[in-house]
Amino acid sequence: MQSNEILLEVMDLNKTFPVKKEKLYAVNHVSFSLQKGECLGIVGESGCGKSTLARMIAGITPTSDGKVLLEGKDYIGLKGGEKRRFRRNIQMVFQDPLSSFSPRMKVGTYLMEARRNFDGISKAEGLKEVGRLLQEVGLPEEFVSRYPHELSGGQLQRVAIARAISIQPKLLICDEATGALDVSIQNQIAQLLVKLVEEKNIGCLFIGHDLALVRSVSQRIAVMYLGRIVELLESETLGEKAMHPYTKMLLGSIFDVYCDQNEEIAAPKGEPPSPLKIRKGCAFAERCSWCSEKCKENVPPLQEVEPGHKVACFQFTE
Amino acid sequence: MDILNIENCTISYQGQKAAVDDVSLSIGEKEIVSIVGESGSGKTTLIRAILGILPPGGKVTDGKILFQGKNILELDERSLQKIRGTEIAMIFQDVGASLDPIRIVDSQYRESILVHRKMPKEECRGLEKKMLTKMHLTDPERVLGSYPFELSGGMKQRVGIAMSMTARPKLLLADEPTSALDVTIQAEVVREMKKLREQYQAAIILVTHNMGVASYISDKIGVMCQGKLVEFGKRDDVIFHPKHEYTRSLLAAVPRLEGKRFAK
């Protein structure tokens, strides 16, 4: 369950990449907070900056500007040993499990590596630990001596999750962790993640492009468009309460299994502009049917429209 | 009349267990049929066999594939070559990878047309532009002059569909054509594909793992599981009254917007 303790605070975070003589705004003034035991879903299309955001929070990609606090501690600027020791607090699970494994390392060795590194435990202790971990993620103990290629995608993803939680992180970041899996396996992994987050009272950022799946594992959802959060709302109410024209466009593009075949699909206007060519004003303006003169001039701030629901659109925040 | 009949088809890869096991299905003219299933269920192997482009080691060991009454498996490479691209065309998941990265679209598009018939360059370009416009690419001149890397994923996919439809094939095979695309782009491509039937009188076989897309676009749906076609029938029957246990579990697993949430 969620407690009201704030775990992670992201304040005005920016990331720009230099591209030739221009600047690419990958993440643009992003702020949010996350409570312990809470899972925040981050959705958006490719290139919207969701992975860059995750990597900055994990400390893999340096930030350009802004602050990130974990339990009130600004850890971005840490150096040397202090930085290394802090790393255990934030762990990541990636999309493609096979490419994040060393092909010649057995599952057992892989799983105890983090503990041996951070806690200096012995191999024998590690082995005991590994058995417990495998059990926790629902895998048989004999997997200890298997190689990655002997496991299926879903099993590997369970191992990756086991490794991530082995050192008791405070924050777990899942970057498209279920993206490469079949639907039935997807659900199992989603359920496992929800269970672990609840039991261990850790925070979780769940990044994905499947709105329905992200909704099913998270308490709140942040919708990103071209580097900015355009809407932040409770997952439960995503279908009914979504306000931002972009969120609605995403929702309109989903094919429901029980859809009416004769219904025309809402035609999304155009494609997302290149992040190199962001004009002033609202980034969504040229694809938006509501767009006014003001939208073309000013960037709408992310403002609360009701408790727990923020939107960045002048249509609602005027 | 059926345009394609697959009869008791079994396909295996060098001595391994059959990847496609005794599958029979038929596709009528102008019909859109989706084959759904999880990875490794044999759905891609099945449609590759129709074009005779199985990966090395793959072989149809039993059964028939009848295209307009003719058994494709008995044709030699030359006759197959005549059918490929003109009567049966295929689009792949990642069109970007099947385009030559160091040639502009115009040059490779023209090549694909000239393989099948002679045509002056000017006329060729006119046809290319016409096809691209039909796929709602707003600036065909620019697209033709671009290298593949200059186009977005959705644009490349539409170029791929346009190229495959140029010879007006009677049957289009589409292997996960929208899986690599973002949801909004996917919606557009699916819409274009649905229109192909009216525009070109073509039948389509769509291989996908996205049940939502299959449900929206298809007249009939086939469900594959471990090489077997466990269910095949009209879209409404399969979606609303699935008979096989596996189809039911597959449908239940699809995340839905108003569906169950795991998180509290």
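Cut-offs applied
Residues numbered from 1 in each chain as written. Chains lettered and ligands numbered in written order. Predicted model: local features only at pLDDT ≥ 70, side-chain atom pairs only at ≥ 80, totals over all residues. Heavy atoms only, no water. Axes fitted to C-alpha atoms, helices over the stretch in contact; angles between N-to-C directions. Helix = DSSP H or I, 4+ residues; strand = E, 2+ residues; numbered from the N terminus. Parallel < 35°, antiparallel > 145°, perpendicular 65-115°, else oblique. Contact = heavy atoms within 4.5 Å. Nonpolar A, V, L, I, M, F, W, Y, C, P; charged D, E, K, R; others polar. Phe/Tyr/Trp six-rings, centres within 6.5 Å; stacked < 30°, edge-to-face > 60°. Buried < 20%, exposed > 50% of the residue type's maximum accessible area, 1.4 Å probe, protein only. Buried area = accessible area lost by both parts, 1.4 Å probe. Salt bridge = Lys/Arg side-chain N within 4 Å of Asp/Glu carboxyl O. Pairing = 2+ DSSP bridges. Right-handed = clockwise from strand over helix to strand, strands pointing away. Core = buried A, V, L, I, M, F, W, Y, C linked by side-chain atoms within 4.5 Å. UniProt positions renumbered as here; feature names shortened; annotations may be inferred. Expected span 1.5 Å × (residues − 1). Polar contact = N/O pair within 3.5 Å; in protein donor to acceptor, adjacent residues only side chain to side chain.

Engineer: Is there a simple way to think about the packing of helix α3 (residues 107-119) of chain A against helix α5 (residues 153-165) of chain A in this case?
Structural biologist: The description of two packed helices rests on the angle between their axes and on the distance between the axes. Residue and element names in this part refer to chain A. Orientation of α3 relative to α5, taken along the N-to-C sense of each, is 25°, at an axis distance of 7 Å. Overall, the two elements α3 and α5 adopt an arrangement that is roughly parallel. Across from Val107, Tyr110 and Leu111 in α3, the residues of α5 making contact are Val159, Ala160, Ala162 and Arg163. In the contact of α3 with α5, the residues fall into six nonpolar, no polar and one charged.

Engineer: Whenever I open this one, the packing of aromatic side chains confuses me. Can you help?
Structural biologist: Two descriptors summarise a pair of aromatic rings, namely the distance from one centre to the other and the angle between the planes of the rings. For the structure on display, the rule yields eight aromatic pairs over all chains. Between the aromatic rings of Tyr225(A) and Tyr246(A), the centroid separation amounts to 4.4 Å while the plane-to-plane angle is 50°, which identifies the pairing as tilted. With a gap of 21 residues between them, Tyr225(A) in strand β9 (residues 220-225) and Tyr246(A) in helix α9 (residues 245-252) connect regions that are remote in the sequence. Considered together, Tyr225(A) and Tyr246(A) belong to a single accessibility category, that of buried residues. Measuring from ring centre to ring centre gives 5.7 Å for Tyr258(A) and Phe240(B), while their planes differ by 40°; the resulting arrangement is tilted. Taken together, the residues Tyr258(A) in the loop between α9 and α10 (293-297) and Phe240(B) in helix α10 (residues 235-240) connect one chain to another.

Engineer: Explain the interface of chain A and chain B here, please?
Structural biologist: The figure often quoted for interface size is the accessible area lost as the parts come together. The interface is formed by 45 residues belonging to chain A together with 40 residues belonging to chain B. Carbon and sulfur atoms supply 56% of the area that chain A and chain B bury against each other, a total of about 3900 Å² over both sides. Looking at the side of chain A facing chain B, the largest losses of area belong to Phe255(A), Val257(A) and Gln261(A), adding up to 19% of the total buried there. Counting the contacts that link chain A with chain B gives two salt bridges.

Engineer: What is the right way to look at the pairing of strand β8 (residues 203-208) of chain A in this model?
Structural biologist: The side chains of a regular strand alternate between the sheet's two faces. All names here are of chain A. Burial analysis of β8 places six of its six residues in the buried class, the great majority of the element. Here five bridges tie strand β3 (residues 39-43) to β8, and the two strands are oriented parallel to one another. Counterpart to Cys39 in the pairing with β8 is Cys204. Here strand β7 (residues 171-175) runs beside β8; their pairing, made up of five bridges, is parallel. Residue Ile173 lies in a different strand from β8, and its bridge partner there is Leu205. For the handedness criterion, the β-α-β arrangement of β7, helix α6 (residues 183-200) and β8 is classed as right-handed.

Engineer: Help me understand the nonpolar core, please; the structure alone is not making it clear to me.
Structural biologist: Soluble globular proteins: nonpolar side chains tend toward being buried together. Ranked by size, the top nonpolar core spans 63 residues in total, and within it Val93(A), Leu111(A), Val159(A), Cys174(A), Phe206(A) and Tyr246(A) carry the most contacts. Non-local contacts of Val159(A), meaning those with residues more than four positions away in its chain, are made with Phe101(A), Val107(A), Tyr110(A), Leu111(A), Leu139(A) and Leu151(A). Core analysis: the second largest hydrophobic core is formed by 43 residues, Leu132(B), Val143(B), Tyr200(B) and Val213(B) among them.

Engineer: Would you mind showing me how to read the sheet that holds strand β5 (residues 70-71) of chain B here?
Structural biologist: Paired through backbone hydrogen bonds, the strands of a sheet run either parallel or antiparallel to each other. Residues and elements named next belong to chain B. Pairing is antiparallel in the open sheet, where four strands are placed in the order β2-β1-β4-β5. In this open sheet, the two strands that pair with only one neighbour each are β2 (20-28) and β5. Its contacts with the sheet put helix α1 (residues 43-51) on β1 (2-13), β2 and β4 (58-67), and the angle it makes with β1 is roughly 115°.

Engineer: Looking at this model, I keep getting lost on unusual backbone geometry. Mind explaining?
Structural biologist: Working note: non-glycine residues mostly have negative phi, and peptide bonds are mostly trans. Residues and elements named next belong to chain B. With a phi close to 50°, Gln68 is a non-glycine residue in the positive phi region. Tracing the backbone through its elements, the reader meets Gln68 in the loop between β4 and β5. For Gln68, a relative accessible area of 34% gives the class partly exposed. The backbone of Glu176 shows a phi angle near 45°, a positive value even though the residue is not glycine. Following the sequence through the fold, Glu176 ends up in the loop between β7 (171-175) and α8 (183-200).

Engineer: So what exactly am I meant to see when it comes to the UniProt feature "domain: ABC transporter" (unreviewed entry) in chain A here?
Structural biologist: What UniProt calls "domain: ABC transporter" (unreviewed entry) maps, in this numbering, to residues 8-251 of chain A. Secondary structure across residues 8-251 of chain A comprises 38% helix and 27% strand; the distance between its end C-alpha atoms is 28 Å.

Engineer: Would you explain helix α7 (residues 153-165) of chain B in this entry?
Structural biologist: One turn of the α-helix equals 3.6 residues, which is why residues spaced by three or four share an orientation. Residue and element names in this part refer to chain B. With 13 residues, α7 extends 18 Å from end C-alpha to end C-alpha; this agrees with the ideal 18 Å at 1.5 Å per step. A large share of α7 lies buried, amounting to twelve of its 13 residues. Within the sequence span of α7, burial applies to Gly154, Met155, Lys156, Gln157, Arg158, Val159, Gly160, Ile161, Ala162, Met163, Ser164 and Met165.

Engineer: Even after reading the chapter, I still don't get the UniProt feature "domain: ABC transporter" (unreviewed entry) in chain B, so can you show me in this structure?
Structural biologist: Taking the UniProt record as the reference, the feature "domain: ABC transporter" (unreviewed entry) is found at residues 4-251 of chain B. What you have in residues 4-251 of chain B is 40% helix and 26% strand, and the ends, taken at the C-alpha atoms, are 27 Å apart.

Engineer: Before we go on, may I ask you to explain the sheet that holds β3(A) in this structure?
Structural biologist: Residues and elements named next belong to chain A. Overall, mixed pairing links the eight strands, which are arranged β6-β7-β8-β3-β9-β10-β12-β11 in an open sheet. The open sheet has two edge strands with one neighbour each: β6 (90-93) and β11 (303-306). Taking the axes of each pair of neighbouring strands and ignoring which way they run, one obtains an average angle of 25° across the sheet. Across three bridges, the pairing between β11 and strand β12 (residues 309-311) is antiparallel. Paired with Gln303 across the bridge in β12 is Val311. Running over the sheet, α5 touches β6 and β7 and is turned about 175° from β6.

Engineer: Help me understand α8(B) in this model?
Structural biologist: Residues and elements named next belong to chain B. With 18 residues, α8 extends 26 Å from end C-alpha to end C-alpha; this agrees with the ideal 26 Å at 1.5 Å per step. In terms of residue burial, α8 counts as a mostly covered element, since 15 of its 18 residues are buried. Where α8 terminates, the next one or two residues include Gln201, which has phi positive at roughly 55°.

Engineer: Could you clarify how one ought to interpret the environment of Tyr216(B) in this entry?
Structural biologist: Relative to the assigned elements, Tyr216(B) resides in helix α9 (residues 211-217). Not counting residues within four places of it along the chain, the set of residues in contact with Tyr216(B) comprises Phe255(A), Cys259(A), Asp260(A), Gln261(A), Glu263(A), Glu264(A), Ile265(A), Val190(B) and Lys194(B). Within polar-contact distance, the side chain of Tyr216(B) engages the backbone oxygen of Glu263(A) at 2.8 Å.

Engineer: Would you mind showing me how to read the side chain of Ser34(B) here?
Structural biologist: Residue and element names in this part refer to chain B. Along the chain, Ser34 turns up in strand β3 (residues 32-36). We classify Ser34 as buried; its relative accessible area is 0%. Dropping the residues within four chain positions of it, Ser34 is found in contact with Leu206, Ala214, Ile217, Ser218, Lys220, Ile221 and Gly222.

Engineer: What exactly am I supposed to notice about the pattern of salt bridges here?
Structural biologist: Side chains carrying opposite charge are able to pair once their charged atoms draw close together. Using the criterion set out here, one finds 33 salt bridges over all chains in the structure. For the salt bridge of Arg103(B) with Asp100(B), the shortest nitrogen-to-oxygen distance reads 3.9 Å. Accessibility expressed as a relative area gives 26% for Asp100(B), which makes it partly exposed. With a shortest N-O distance of 3.8 Å, Glu198(B) and Arg197(B) are connected by a salt bridge. The network of salt bridges with shared partners includes Arg88(A), Arg115(A), Asp119(A), Glu129(A), Arg132(A), Glu136(A) and Lys200(A).

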